[in-house]
Amino acid sequence: MFRIGANRLRGAAAATAAGAGGRRAFGTGRVLSTGRAAAAAAATAAACGLGYLYVTDASAGVHRYVAGPVLRLLDPEDAHDAAVWLLRHGVCPADRGADDALLETELWGRRVANPVGLAAGFDKNAVAVDALFGLGFGAVEVGSITPQPQAGNARPRLFRIDDSAAVVNRMGLNNDGAEACADRLRSRFWRLLAAQSRAQGETVAELARSTNRSGRAGRLLGVNLGKNKAAGADSFDDYVSGLQQLGAYADYVVINVSCPNVTNIAANADVAVLEQTVAAVVRARNAMPDYRPPVVLKIGPDNSADQLRLIAQLATDCAVDGIIAANTTPARPPGLADPAGVAREQGGLSGAPLRARALETTRQMYRLTGGRIPIIGCGGISSAEDALAFARAGASMVQIYTSMVYDGPGKAREIKDDLMRLLKGRRWADVVGEEARGK
Ligand SMILES: Cc1cc2nc3c(=O)[nH]c(=O)nc-3n(C[C@H](O)[C@H](O)[C@H](O)COP(=O)(O)O)c2cc1C
């Protein structure tokens, strides 16, 4: 996008110069008026250029204070679809800043340039992966993706609670299905590898062994796996099938057992079923021939202390590689500011009112697993202060979704900039789990 803008600017400047040169032969008065015209043209071109630079900068206020409120005039799902469409077609801003080394984190031996990820559910069908990385996320998680395409629940199924900076959704895992998403991710990955191979002279096969599936150094692409509506409550075949179809294109895969909007996930409440599910997916991952992505378990925010203990035990026993804490909650925390009564809608609540529960879940899981399993904190994170609280409680990385709905595409950049201020020269990685170390 930027290059097109620069070319256009160069073209305008050249045209202005040619026009000015061509008219100078007609006399002094004309030279003066031609000079004024040239100055006006140059000023216009400069203003357009600066305007272009401004609107294509993800951190520009126009996205938060103009584009966001305009999008929010639409029905919430239409606004979401419009945002994804714009991203998919490259009509989107970009994070122009660099990530400071202090923001680096590490997951599964891989360096991640910054700890702010995009949570599942925004790009369910993996159609806007590169535009989303362009917004500055250290990780982008696509999905949930089920083996077969499915339509999800009837609309309306997405609601904003503006006064609480929250969202209620009962989307019901609508997505294009594993085959379509795998095709998209496969062609994207090979296209990126081919470009890198031309630039670096390494073969595509060599690059495929060493390159992140995100296709970008220091960035991770997660693929979140769900179950089709028709699957039995105890069955785990859909997760295994999802892994087999999509695992090769993921830097990590997520078993989403915690979606509150589907009724057939016994693993959400029954720890024995959860153990069978996780064990089956880890076994299938271990049987993959060449490339084996880390397996991450996404849990809900409403588990009791006993349930969390059992989950931590099974995660350790099954050698799960990571835990995302947490998904949306079917509960409605007290004190929700909701004059329009939107919270009465059935569905999972996300955003600010979820934060306390998600943070506590992160804290408990870190303590229960002794910090040996990386935790990705998620739920109501909207600032660097929130992100740091999750890091102190044990999160190696965080994810956001709802705060981007309210504050716009510059959210990752904003959190990263503010983190630099709050870290005061310390490294993010040193803050992780600080609370449990008594700091
Ligand atoms: C509209 C919507 C759709 C979501 N879809 C999924 C999904 O398909 N799979 C999943 O694991 N989580 C899904 N989530 C949950 C988010 O990934 C995240 O866990 C939750 O929203 C809490 O983060 P937040 O408060 O920053 O939004 C969805 C959330 C929203 C708001």
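Calculation rules
- Residues numbered from 1 in each chain as written.
- Predicted model: local features only at pLDDT ≥ 70, side-chain atom pairs only at ≥ 80, totals over all residues.
- UniProt positions renumbered as here; feature names shortened; annotations may be inferred.
- Pairing = 2+ DSSP bridges.
- Helix = DSSP H or I, 4+ residues; strand = E, 2+ residues; numbered from the N terminus.
- Axes fitted to C-alpha atoms, helices over the stretch in contact; angles between N-to-C directions.
- Buried ≥ 20, exposed ≤ 12 C-beta atoms within 10 Å, placed from the backbone.
- Right-handed = clockwise from strand over helix to strand, strands pointing away.
- Near = placed C-beta within 6 Å.
- Nonpolar A, V, L, I, M, F, W, Y, C, P; charged D, E, K, R; others polar.
- Parallel < 35°, antiparallel > 145°, perpendicular 65-115°, else oblique.
- Contact = placed C-beta atoms within 7 Å.

Looking at an unreviewed UniProt entry, one finds the chain named Dihydroorotate dehydrogenase (quinone), mitochondrial, with Coemansia javaensis as its source organism. If you open the UniProt record of the chain and go to Pathway (unreviewed entry), you find "Pyrimidine metabolism; UMP biosynthesis via de novo pathway; orotate from (S)-dihydroorotate (quinone route): step 1/1." What UniProt states about the chain under its Catalytic activity (unreviewed entry) heading is, verbatim, "(S)-dihydroorotate + a quinone = orotate + a quinol".

Draft legend 1. Region of the structure containing the sheet that holds strand β5 (residues 158-161). Overall, antiparallel pairing links the three strands, which are arranged β5-β6-β11 in an open sheet. In this open sheet, the two edge strands, each paired with only one partner strand, are β5 and β11 (348-351). The sheet shows a mean angle of 25 degrees between the axes of neighbouring strands, direction not considered. Relative to strand β6 (residues 166-169), β5 is paired through four bridges, and the arrangement is antiparallel. Within β6, the position partnered with Phe159 by the bridge is Val168.

Draft legend 2. The arrangement of the pairing of strand β12 (residues 375-378) in detail. Of the two faces of β12, the one lined by Ile375 and Gly377 and the one lined by Ile376 and Cys378 are each fully buried. As judged from the three bridges shared by strand β10 (residues 322-325) and β12, these two strands associate in the parallel manner. Opposite Ile323, over in β12, you have Ile375 as the bridge partner. By the bridge criterion, four bridges tie β12 to strand β13 (residues 395-400) in an arrangement that is parallel. When the sheet's bridge partners are listed, Gly377 is paired in β13 with Val398. On the question of chirality, the crossover connecting β12 to the parallel β13 by way of helix α12 (residues 384-393) is right-handed.

Draft legend 3. Focus on the site of the ligand. The environment of the ligand is formed by 28 residues, the closest being Ala119, Gly121, Ser350, Tyr401 and Thr402. Counting residues per element, the ones that place at least two in the shell around the ligand are β4 (139-145), β6, β11 and α13 (402-407). Of the residues that constitute the shell around the ligand, the class distribution is 12 nonpolar, 14 polar and two charged.

Draft legend 4. Spotlight on the packing of helix α11 (residues 355-368) against α12. Close contact between α11 and α12 brings their axes to 8 Å; oriented N to C, the two are set at 25 degrees. As far as their axial angle goes, α12 and α11 are roughly parallel. Seen from α11, the contacting residues are Arg355, Leu359, Thr362, Arg363 and Tyr366; seen from α12, they are Asp386, Ala389, Phe390 and Ala393.

Draft legend 5. Just the environment of Glu104, in detail. On the secondary structure map, Glu104 appears in the loop between α4 (76-88) and β1 (105-107). For Glu104, a count of 17 C-beta atoms within 10 Å corresponds to the partly exposed category. Spatially, the C-alpha atoms of Glu104 and Ala429 are 6.9 Å apart, while their sequence positions differ by 325 residues.

Draft legend 6. Main features of the sheet that holds strand β9 (residues 295-299). Ordered in space as β3-β4-β7-β8-β9-β10-β12-β13, the eight strands form a closed barrel in which the pairing is parallel. Looking at each pair of strands side by side, their axes are set apart by 25 degrees on average, direction ignored. Sheet topology note: the strand β7 (residues 220-225)/strand β8 (residues 252-256) ladder contains four bridges and is parallel. Across the sheet, residue Leu225 finds its bridge partner in β8, namely Ile255. Across the sheet, α12 lies against β3 (116-118), β12 and β13, angled at about 145 degrees from β13, the strand it touches most.

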